[in-house]
Every structure is written in structure tokens, then in C-alpha cells.
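Chain by chain, the residues:
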Amino acid sequence: MRRVAKLSAACIATAALALTATACGSTSSENDSSSSSSSGGGKGGIKIGLAYDVGGRGDRSFNDSAARGADKAAKEFDGSLKELTAKSSDTEADREQRLTDLADAGYNPIVAVGFSYATSVDKVAAKYPKVSFGLIDAVAKAKNVDSITFTEEQGSYLAGVAAALKTKKDHVGFIGGVDTPLIKKFEAGYAQGVKDTNPKVKVDVQYLTHGSDFSGFADPAKGKEAASGMLDNGVDVIYAAAGSSGNGSIEAVSGVKGAWAIGVDSDQYNIPGLSKFKNSILTSMVKNVDVGVYDFIKSVHEDKPLTGNQIYSLAKGGVSLSTSGGFIDDIQPKLDEAKKKIVDGTITVKTS
């Protein structure tokens, strides 16, 4: 599962899809980062445009995963990056303008990081048919767009299995950043995984914001407050699909002995900015956005741009549970069994 800042020399931080306390520790989410960073010579090389969701680079989750894929591609193909970041107050016109600015500046490919860009990508891609666009977490209609989607519900199912096996109180929680169909996929898979493993386990669910208010992806304080409330109510495992707001949830869990947090999108155990909480991070539902972004940029570099819908599933390694810390080693056989059943179709995971 997003707003603002680019990790620049000033290290200003700010963010769906999407976002933020940055590596510098800032929680500001109202800066629109429009500076660029070079990851290679760039002269004559590929010019990569990134339009981040709320939270931007430095969210330690969704956007950072996209950034890793772009960084790898820029380095490998001697390219350069231009990064712009959404604000939670964005209108459709703002998103459309952000993509247009990148296209006008000659960036190709352009990656829109988050489902909130779906409408604007279709509009702008139609105006720039020679530019290749990548769209994460939504499916576009335009012919020059590579729609990069994931089976979040399948990875979240495994997170639910882990939660049900690790809870001591038969009471777990889910925190969603924004009440959207995408985040509902995380919730649905998680709850199904819990119930299929142990029907006696209670699942509390809370969303931080609703509708078009995307600030729920970029408010660690609100994430911490929601998690604290769940912990006070007897929950001892919390899975947050909430962008950088999930960082606050992890912090809250770390203060309660015996409680576990489940990270999302990136392997949050290994994120430097969360290192002091890592012994409370049971696992993370890793969503390999970096792989999707890299694959897309590579295809453009090779003059064979991907289009249509590339689906990164559990079977293809698009989603997975991290094993960092070794905290799920004791239940790995059961997780492997659940994964096998999903892959072979014995288990069909719900998306809502």
C-alpha cells in the first residue's frame, strides 16, 4: 500500500497507493518535490520520470520500493531520474499536470506510482503516444501504458496465516491507510488467512481515512494512534497497509512486550529508518514493486516497451513474506503449505 518528499541533499521528507516519515525523520507531507537526481552519466542515456504517490521517496514502504527499481535501472542503463511527488490535497488536474510536465521535459519512460494516477495516465498517455508510461496498482486503457499490478491479497493471506499462528491472545488487527478497493484486497486476504488458520482469532479492522482523503497514507502519528488503540484493546499482532502511516503502527507495537507488527511492501525489518523497531517486526508482506518498475524501464531501454497488464503474483514471486529476523522460521512449513495451496488453486483468496 504516500506523499511527499524526495530524499534530496537537504533530506526534506514528506505518499496508495502509495506515504510519510522519511529517512531524515520528517513527517511533513505537504512538500511537492520537483527536483531531479542523477543515478548515472545520463548524457544520451535513458531519462526516467517518476511521479510518486503521497509520501514519495523515503516512505520506507511503497514508494521506496518503486525508487529501488528505478535506481537500479538508472545505474544499469546510465540513465537519470526526475522525481515528482504527490500531495494528499492533490486534484486530478494536479496529477495530470505532474505527468505532463515530465513528458514535456523529454522523460521517457514515465512511471506513475500508485492507483490514484489511473485516470491521469490515460489522459496524458493519449496526448503523448510516443512516450511509454508505467502505472502501478491500476490498469490503464491507453495503448502505450504498462499496467503493473500485484496479487496483494495472496501475500496478505500468508501474513494472516503468520498472525494467526503467532498471536497469544487470539486477537489480531489490520490497519488500512485509506478505505479503497486496493487496500481492501490487503484486508480481505489477511482476514481470510487468519480465519482459515484459526477461526477463533478475532480480527479488528480500522481505516485511517476514507474516500479521496489520501492523507491516511502519510500520517505516522495517526497510524501510531490507531495501533495503540488496538493494543489497548488486546490485539497482539498488527498488519498495517498504510504507506508511511504504518511506520507509526510499528513504533506503537515496539513499545508493547510480546506484540508483533507485520510490515508491508518493503522488507521493513531491513529499513534503516526503522532499525530500532526491527525486533518487533514479525515479517513483512513484500510487494516487489521494484521488480515491476525495473522490468518496465528495461523494456523501454531495449526498445521493446511492455504494454498491457503485467500481473506479479505469488506464483511468480510478485509478493512474498520476508524471513528477516528469523521470527517466522518455526512456522515456515505451515506458510509453505499455504503458499502451495494458493499457487495450485486449492485456496482461492478473496479480493474484497
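Structural notes, computed from the coordinates. Treat the numbers as computed from the prediction; the structure is a model and nothing was measured.

On to the pairing of strand 10 (residues 260-265). With 6 of 6 residues buried, strand 10 is to be regarded as a mostly interior element. Inspection of the sheet shows strand 9 (residues 237-241) paired to strand 10 by 3 bridges, in the parallel sense. Residue pairing in the sheet places isoleucine 238 in a bridge with alanine 261 of strand 10. The parallel pair strand 9 and strand 10 is bridged by helix 7 (residues 245-254), and the resulting crossover is right-handed. As paired elements, strand 10 and strand 11 (residues 281-287) share 5 bridges and run parallel to each other. Each residue of the ladder has a partner; that of aspartate 265, found in strand 11, is valine 286.

The next point concerns the sheet that holds strand 13 (residues 319-321). Strand order in the open sheet formed by 6 strands is 8-7-9-10-11-13, with mixed pairing between adjacent strands. Bordering the open sheet on either side are strand 8 (202-210) and strand 13, each of which pairs with just one other strand. Each strand of the sheet is rotated relative to its neighbour by a mean of 15°, with strand direction disregarded. Against the sheet, helix 6 (residues 220-232) engages strand 7 (171-179), strand 8 and strand 9, with an angle of about 155° to strand 8.

Mapped onto the secondary structure, glutamate 152 falls in helix 4 (residues 152-166). Residue classification places glutamate 152 among the buried residues on the basis of a relative accessible area of 1%.

The residue glycine 255 is located in the loop between helix 7 and strand 10 in this model. Separated by 22 residues in sequence, glycine 255 and phenylalanine 277 have C-alpha atoms that sit 8.8 Å apart.

What follows deals with the nonpolar core. With 88 residues, the main nonpolar core has Val121, Leu135, Ile136, Phe186, Tyr190, Tyr239 and Ile297 as its most contacted residues. Composition of this core by domain shows at least three residues from each of domain 1 (45-148) and domain 2 (151-286 + 318-342). Within the second largest apolar cluster, 19 residues are counted, among which are Leu208, Ala240, Ala261 and Leu274.

As a further point, take the pattern of salt bridges. Scanning the entire structure with this criterion turns up 17 salt bridges. Between lysine 341 and glutamate 337 there is a salt bridge, with the nearest N and O atoms lying 3.5 Å from each other. In this pair, lysine 341 and glutamate 337 both sit in helix 9 (residues 332-343), 4 residues apart, roughly one turn of the helix. Salt bridges sharing common partners tie together Asp137, Glu152, Glu153, Lys185 and Lys287.

With an omega of 15°, the peptide bond running from asparagine 108 to proline 109 counts as cis. By the element assignment, proline 109 lies in the loop between helix 2 (92-104) and strand 4 (110-113). Phi is positive for aspartate 170, which is not a glycine, with a value near 50°. Position of aspartate 170 among the secondary structure elements: in the loop between helix 4 and strand 7. Unusually for a residue other than glycine, aspartate 303 sits at a positive phi of about 60°. Inspection of the secondary structure puts aspartate 303 in the loop between helix 8 (289-301) and strand 12 (308-312). By relative accessible area, which is 67% here, aspartate 303 ends up exposed.

Scanning all chains against the criterion turns up 10 aromatic pairs. A centroid spacing of 6.4 Å and a plane angle of 40° characterise the contact between phenylalanine 214 and phenylalanine 217, whose relative ring orientation is tilted. Taken together, the ring pairs in this structure connect Phe174, Tyr190, Tyr207 and Tyr239 into an aromatic cluster. One residue, lysine 47, lies across the ring of tyrosine 107, its end atom 4.6 Å from the ring centre.

A few words now on the side chain of serine 61. By the element assignment, serine 61 lies in the loop between strand 2 (47-52) and helix 1 (62-76). At a separation of 3.3 Å, a polar atom in the side chain of serine 61 contacts the main-chain carbonyl oxygen of valine 264. When near neighbours in sequence (up to four residues on either side) are disregarded, serine 61 contacts Gly243, Val264, Asp265, Ser266 and Gln268.

Following the sequence through the fold, aspartate 78 ends up in the loop between helix 1 and strand 3 (80-85). In this structure the C-alpha to C-alpha distance between aspartate 78 and lysine 47, which are 31 residues apart in sequence, comes to 9.2 Å.

Moving on, we get to helix 8. Taking 1.5 Å of rise per residue, the 13 residues of helix 8 would be expected to cover 18 Å, and the 18 Å separating its terminal C-alpha atoms lies within 8% of that figure. When helix 8 is considered as a whole, its buried residues turn out to be Val289, Asp290, Gly292, Val293, Tyr294, Phe296, Ile297, Ser299 and Val300. Backbone geometry just downstream of helix 8 places aspartate 303 in the positive-phi region, at approximately 60°.

What counts, and at which threshold
Residues numbered from 1 in each chain as written. Predicted model: local features only at pLDDT ≥ 70, side-chain atom pairs only at ≥ 80, totals over all residues. Heavy atoms only, no water. Buried < 20%, exposed > 50% of the residue type's maximum accessible area, 1.4 Å probe, protein only. Helix = DSSP H or I, 4+ residues; strand = E, 2+ residues; numbered from the N terminus. Pairing = 2+ DSSP bridges. Right-handed = clockwise from strand over helix to strand, strands pointing away. Axes fitted to C-alpha atoms, helices over the stretch in contact; angles between N-to-C directions. Contact = heavy atoms within 4.5 Å. Core = buried A, V, L, I, M, F, W, Y, C linked by side-chain atoms within 4.5 Å. Domains from an automatic or database assignment. Salt bridge = Lys/Arg side-chain N within 4 Å of Asp/Glu carboxyl O. Phe/Tyr/Trp six-rings, centres within 6.5 Å; stacked < 30°, edge-to-face > 60°. Lys NZ or Arg CZ within 6 Å of the ring centre and 35° of its normal. Polar contact = N/O pair within 3.5 Å; in protein donor to acceptor, adjacent residues only side chain to side chain. Expected span 1.5 Å × (residues − 1).

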